[in-house]
Amino acid sequence: MEVAVASRTLAVWEHRKVVGLLVRRDLKVKYQQSVLGYAWTMLEPLALTLVYFFVFGIVLQADRGMPEEAPGGYILFLVAGILPWTTFGAILSEAPRAMITHSKLITTMKVPREIFPMATVGTKFIEYLLTWPVLLIFVFALGGRFSWEGMLLWLPLAIVLTFTFGLGVTLFLASVNVLLRDVERLTRILTRLLFYGSAILFPAAMVLDADAVPGWAKTVYELNPLMGIFQMHRTVWFPGFEELTPSPLALTSAVVGSILMLVIGYWTFRRLEMSVLKEL
């Protein structure tokens, strides 16, 4: 098993240029014949942020778990969560069709099939980097700050775990959806549930400190790997605030959950590979 994995990994590395070509092609197709082009990468999450700020920040007062002295306040909290979520949500949206979209290439090119789900995730990684100007504008405009611990520890860890988890999910969904097309519809429902269950719109403290929520439910809430991952993304801009830093349980769940998702996704992908090729 270890030899097979090492062999496939080496084969993927040898064909890494193919991944780059697929990523460039996907980005070119996405922005061609678009007047605003790259600007949409920034405008979409910005529009979402403003809508959620009005609904949850002003109307529903979902910022109650925010420390009063937190720099940038609730709106920076939203931006720091929505930008990485937009990327991850896009991965979930396109993951089920990662193999179907490239069916002609898969059946004609002699390359490791893992390359195609990797290209899907790679494209979203580039788009994530393109959203950084929006985030930095909010950070500087709202008086946000960062620490070297956040930039050198939390941010790299958050990015690695986001795309590790995303790659695992893509490998899993891309292979299963070819054989069972209902998966694509189920993924849409799951995406919405994960959005509201990963503390994107409100601090996790609102749930963890609520007396009405039983202890077991709080534990299950913290076991969601995405909650810890998105808390890491925010910790970069809110150093020193324990309420906005992932707990040991959330941190452990994020790391272990991401690695486990990648293992499950890759195992499923390899196990179903021949069946998927027959269907394509």
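Remember, predicted model here, so these are calculated numbers, not experimental data.

About the cut-offs
- Residues numbered from 1 in each chain as written.
- Predicted model: local features only at pLDDT ≥ 70, side-chain atom pairs only at ≥ 80, totals over all residues.
- Heavy atoms only, no water.
- Helix = DSSP H or I, 4+ residues; strand = E, 2+ residues; numbered from the N terminus.
- Buried < 20%, exposed > 50% of the residue type's maximum accessible area, 1.4 Å probe, protein only.
- Contact = heavy atoms within 4.5 Å.
- Patch = residues over 30% accessible without salt bridge, like charges linked within 9 Å, V, L, I, M, F, W, Y side chains within 5 Å.
- Areas by Shrake-Rupley, 256 points an atom, 1.4 Å probe, with all protein chains shown as cover.
- Salt bridge = Lys/Arg side-chain N within 4 Å of Asp/Glu carboxyl O.
- Lys, Arg positive; Asp, Glu negative; His and termini not counted.
- Charge placed at Lys NZ, Arg CZ, Asp CG, Glu CD.

S.K.: Is there a simple way to think about the environment of valine 169 in this case?
M.R.: Along the polypeptide, valine 169 turns up in helix 8 (residues 148–179). Judged by relative accessible area, valine 169 falls into the buried class, the value being 9%. In sequence terms valine 169 and arginine 16 are 153 residues apart; their C-alpha atoms lie 20 Å from each other. Excluding residues within four positions of it along the chain, valine 169 makes contact with Leu92 and Met261.

S.K.: Even after reading the chapter, I still don't get a negative patch on the surface, so can you show me in this structure?
M.R.: Together, Glu68, Glu69, Asp209, Asp211, Glu242 and Glu243 line one region of the surface with negative charge. Tracing the backbone through its elements, the reader meets aspartate 209 in the loop between helix 10 (205–208) and helix 11 (215–222). Residue aspartate 209 is classed as exposed on the basis of its relative accessible area, which comes to 58%.

S.K.: Sorry, what's going on with the environment of threonine 131 here?
M.R.: Relative to the helices and strands, threonine 131 resides in the loop between helix 6 (115–130) and helix 7 (132–141). On the basis of relative accessibility, which here comes to 5%, the residue threonine 131 falls in the buried class. When the C-alpha atoms of threonine 131 and threonine 87 are compared, they prove to be 9.2 Å apart, with 44 residues separating the residues in sequence.

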